[in-house]
Amino acid sequence: MSATEDTKPTLSQEEQADEDQVEASPDIHFEPIIKLEEVEVKTNEEDEEVTFKMRAKLFRYTSGEWKERGTGDVRFLQHKDTKKIRLVMRREQTHKVCANHYITSDMELKPNVGSERSWVYFVKADYSEEEPTPETLAIRFASAENAIKFKDAFNEALAFNAALKSDASDSKDVEKTEEKAEETPKIETKESE
């Protein structure tokens, strides 16, 4: 026998049996102190339908340099009542809005210098911050094919919104013409006897 075996404590048969049996742990359950109600979160996108969705990275031009605005899904949302289409982009992790604007007829996608997978455009009023601000934005995609798909969808939305605007102005012109017709006095003529 070695010296280490002599100093090792020995267990009696009862102690060995107790150690072999595993005690069942009690089921521990704590009641919460405060019960939280489920809160409905409104995104103001409930009345809109997604017409286009693709992952992209958004940049804005400020102070003479491009700064990253966020990475996430860029979506075109069409309102169910007004039928207008707007571009909305939220950051992936935080879901904070990094782009929110209508696609208007004065917007034009231009290819970004040195990259076939990104576009640059100017927006007069981007509502992603508290106040609407004019922004120069660049949007970059994973591939050139995705960039072309975005451009096609963007141009379709641009044409659709322009058609809506012209239809609305035409109907306003018709309403104004009808109002003027009602306002003009009718001339009564006497028939000669």
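Residues numbered from 1 in each chain as written. Predicted model: local features only at pLDDT ≥ 70, side-chain atom pairs only at ≥ 80, totals over all residues. Heavy atoms only, no water.

**Some points on the overall build of the protein**
For clarity, the threshold we go by: Per the convention used, a helix needs a DSSP run of H or I reaching at least four residues, while a strand needs a run of E reaching at least two, with both numbered from the N terminus. Burial status follows relative accessibility: with a 1.4 Å probe on protein chains alone, a residue under 20% of its type maximum counts as buried, one over 50% as exposed, and anything between as partly exposed. Only heavy atoms matter for contacts: two residues are in contact if any of them lie within 4.5 Å across the pair. For every accessible area listed, the method is Shrake-Rupley and the probe measures 1.4 Å; residues are considered covered only by the protein chains on display.
Secondary structure assignment for the protein yields three helices and seven strands. Ordered by position from the N terminus, the helices and strands of the protein form the series α-α-β-β-β-β-β-β-β-α. The buried share of the protein, reckoned over its 193 residues, is 26%. The long-range fraction of contacts in the protein, counting pairs at least 24 apart against all pairs at least 6 apart in sequence, stands at 48%. Carbon and sulfur atoms form 50% of the exposed surface of the protein, whose accessible area is close to 15500 Å².

**Points about the sheet that holds strand S6 (residues 118-126)**
Keep this limit in mind: Strands are labelled as partners when DSSP assigns at least two bridges between them.
The strand order across the open sheet built from seven strands is S4-S3-S2-S1-S7-S6-S5, with neighbouring strands paired in antiparallel fashion. Of all the strands in the sheet, just strand S4 (97-102) and strand S5 (110-111) have a single pairing partner and so form its edges. One ladder, built from 14 bridges, connects strand S1 (residues 48-62) with strand S2 (residues 65-79); its direction is antiparallel. Looking across to S2, one finds that Lys 57 is bridged to Thr 71.

**Remarks on the packing of aromatic side chains**
Put simply, the rule reads: Note on ring pairs: Phe, Tyr and Trp rings are taken, using the six-membered ring of Trp, and paired if centres are within 6.5 Å. Classes follow the plane angle, with under 30 degrees stacked, over 60 edge-to-face and the rest tilted. Geometrically, a charge over a ring is one whose NZ (Lys) or CZ (Arg) sits within 6 Å of the ring centre while staying within 35 degrees of the ring normal.
In this structure the tally under the stated criterion is eight aromatic pairs. Over the face of the ring belonging to Tyr 102 we find Lys 84, whose NZ or CZ atom lies 5.2 Å from the ring centre.

What is shown is where atoms sit, not what they do.
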